[in-house]
Amino acid sequence: RESLVEELGETRHAKEKLPLFEAKVKELTEERREMELEIIGLREDIAEVKELYRAQLNLLLEEKATQKENLSNGEAIAVSDGDGKTNPAGVVESADSAVDSDM
């Protein structure tokens, strides 16, 4: 009889805590769902930035290849100052100075 009374007390205590645990599970599940959405967004951002850098690198490589091709043909080229404008004072006269200015 004593063990049944003790077991009944434990059961009542557990029953009182059950809604608290259910609420906590619901809260944590929602938090996990939000974090998953944030991770998905961050992965998309990473992919965008990666593609942007890849495109910029390809453009720079194409420009460099064009400059080297022009130098090998004996043509003088203007050096870009990085903002898309040609620097008129930066005309390169030889292949050696073009290589030195890139480093």
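Residues numbered from 1 in each chain as written. Predicted model: local features only at pLDDT ≥ 70, side-chain atom pairs only at ≥ 80, totals over all residues. Heavy atoms only, no water.

## What to know about the pattern of salt bridges
Going by this rule: One speaks of a salt bridge when a side-chain nitrogen belonging to Lys or Arg is within 4 Å of a carboxyl oxygen belonging to Asp or Glu. Secondary structure elements are defined from DSSP: runs of H or I of at least 4 residues count as helices, runs of E of at least 2 residues count as strands, and each element is numbered from the N terminus. The buried label applies to any residue whose accessible area, calculated with a 1.4 Å probe on protein chains only, is under 20% of its type's maximum; exposed applies above 50%, and partly exposed to all values in between.
What the rule picks out here adds up to 4 salt bridges. Two residues, K24 and E27, come together in a salt bridge whose shortest N-O distance is 3.9 Å. With K24 and E27 both in helix 1 (residues 2–72) and 3 residues apart, the pair spans about one turn of that helix. A residue is classified by how much of its surface remains accessible, and E27, at 44% relative accessible area, is partly exposed. Linking R33 and E30 is a salt bridge whose minimum nitrogen-to-oxygen distance equals 3.0 Å.

## Quick look at helix 1
Short version of the rule: Given the number of residues in a helix, its expected span is that number minus one, multiplied by 1.5 Å. One fitted axis covers the seven residues ending at a residue, a second covers the seven starting there, and the bend at that residue is the angle between these axes.
With 71 residues, helix 1 extends 100 Å between its outermost C-alpha atoms, agreeing within 8% with the 105 Å of an ideal straight helix rising 1.5 Å per residue. In helix 1, a bend of some 30° at K17 exceeds every other bend along the element, and P19, a proline, comes one to four places later.

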